[in-house]
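# Descriptive analysis of the structure
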Amino acid sequence: MSGPPVHHDVVRPEWIDYNGHLSEPYYVLVFGDATTALMERTGMDAGYRDATGCSLYTVEAHVRYLREIGPDAPLEVTTRVLGRDAKRLRLWHELRSAGRLCATEELMCLHVGPGGATPFPDGVAADLDALVTGDPAPEHAGRAVQEVPRPPT
């Protein structure tokens, strides 16, 4: 296992909205597929899920839509593991098309089994830890939606 996980896709016609661009929910769909690719790479594949009843659940997400993406565009999502503890995993996805950064998603995931939140098994934890780099977190990681003033009442 070397380098960050990368997921590839292509914009399908049914993903295009009334403005002629990739519709908002499909960014999240592609990011979800990238999370699944990370799970498969780190030992949380279908066999693991069937055998243990455990999986990752997203408990918080923040998406930034930076550029419009048109029909039939190639998509590439690079995933970084920003950190983890016994049961939680913090991920950063970057979606590019034709080399241009188009969207990011930051996730807080929870490892959940039949009895609720459960620690990652040692092998999965080691595979996740191997994906943590010494690089600083991306500039926008940890940010929330910017507040705007409320209208006077």
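As a reminder, the structure under discussion sits directly above these lines.
In short, a report on the structure. Every value quoted in this text rests on a predicted model; they were computed, and no experiment measured them.

To describe a pair of aromatic rings, you give the distance between the ring centres and the angle between the ring planes. All told, the structure shown has two aromatic pairs when counted by the stated rule. When the centroid spacing of 4.9 Å and the interplanar angle of 90° are considered together, the rings of Y27 and Y65 count as edge-to-face. With Y27 in helix 1 (residues 24-41) and Y65 in strand 2 (residues 55-65), the pair connects residues that are 38 residues apart, well separated along the chain. By relative accessible area, which is 37% here, Y65 ends up partly exposed.

For the rest of this paragraph, the subject is helix 3 (residues 122-129). Buried residues of helix 3: V124, A125 and L128, and no others. Taken down its axis, helix 3 places every buried residue within 100° of arc, on the same side. Its buried side turned inward, helix 3 meets helix 1, helix 2 (46-52), strand 3 (74-84) and strand 4 (88-97).

Now for the environment of R96. If you trace the backbone, R96 turns up in strand 4. Given a relative accessible area of 26%, R96 falls into the partly exposed group. The spacing of R96 and G53 is 43 residues in sequence and 33 Å in space, taken between C-alpha atoms. With sequence-adjacent residues up to four places away left out, R96 is seen in contact with P74, L75, E76, L101 and C102. Here E94 takes part through its side chain, which lies 2.9 Å from a polar atom of the side chain of R96.

To continue, consider the pairing of strand 1 (residues 6-10). Of the two faces of strand 1, the one lined by H7 and D9 is fully buried and the one lined by V6, H8 and V10 carries no buried residue. Bridge count for strand 1 against strand 3 is five bridges, and the pairing is antiparallel. What sits directly across from V10, in strand 3, is P74.

Right, let's talk about the pattern of salt bridges for a bit. Once their charged atoms are close, side chains differing in charge can pair, the charge on each being opposite to the other. What the rule picks out here adds up to six salt bridges. A salt bridge links E94 to R96, with the shortest nitrogen-to-oxygen separation between them at 2.9 Å. Classification of E94 as buried rests on a relative accessible area of 19%.

Rules used in this analysis
- Residues numbered from 1 in each chain as written.
- Predicted model: local features only at pLDDT ≥ 70, side-chain atom pairs only at ≥ 80, totals over all residues.
- Heavy atoms only, no water.
- Phe/Tyr/Trp six-rings, centres within 6.5 Å; stacked < 30°, edge-to-face > 60°.
- Helix = DSSP H or I, 4+ residues; strand = E, 2+ residues; numbered from the N terminus.
- Buried < 20%, exposed > 50% of the residue type's maximum accessible area, 1.4 Å probe, protein only.
- Arc of directions from axis to C-beta.
- Contact = heavy atoms within 4.5 Å.
- Polar contact = N/O pair within 3.5 Å; in protein donor to acceptor, adjacent residues only side chain to side chain.
- Pairing = 2+ DSSP bridges.
- Salt bridge = Lys/Arg side-chain N within 4 Å of Asp/Glu carboxyl O.

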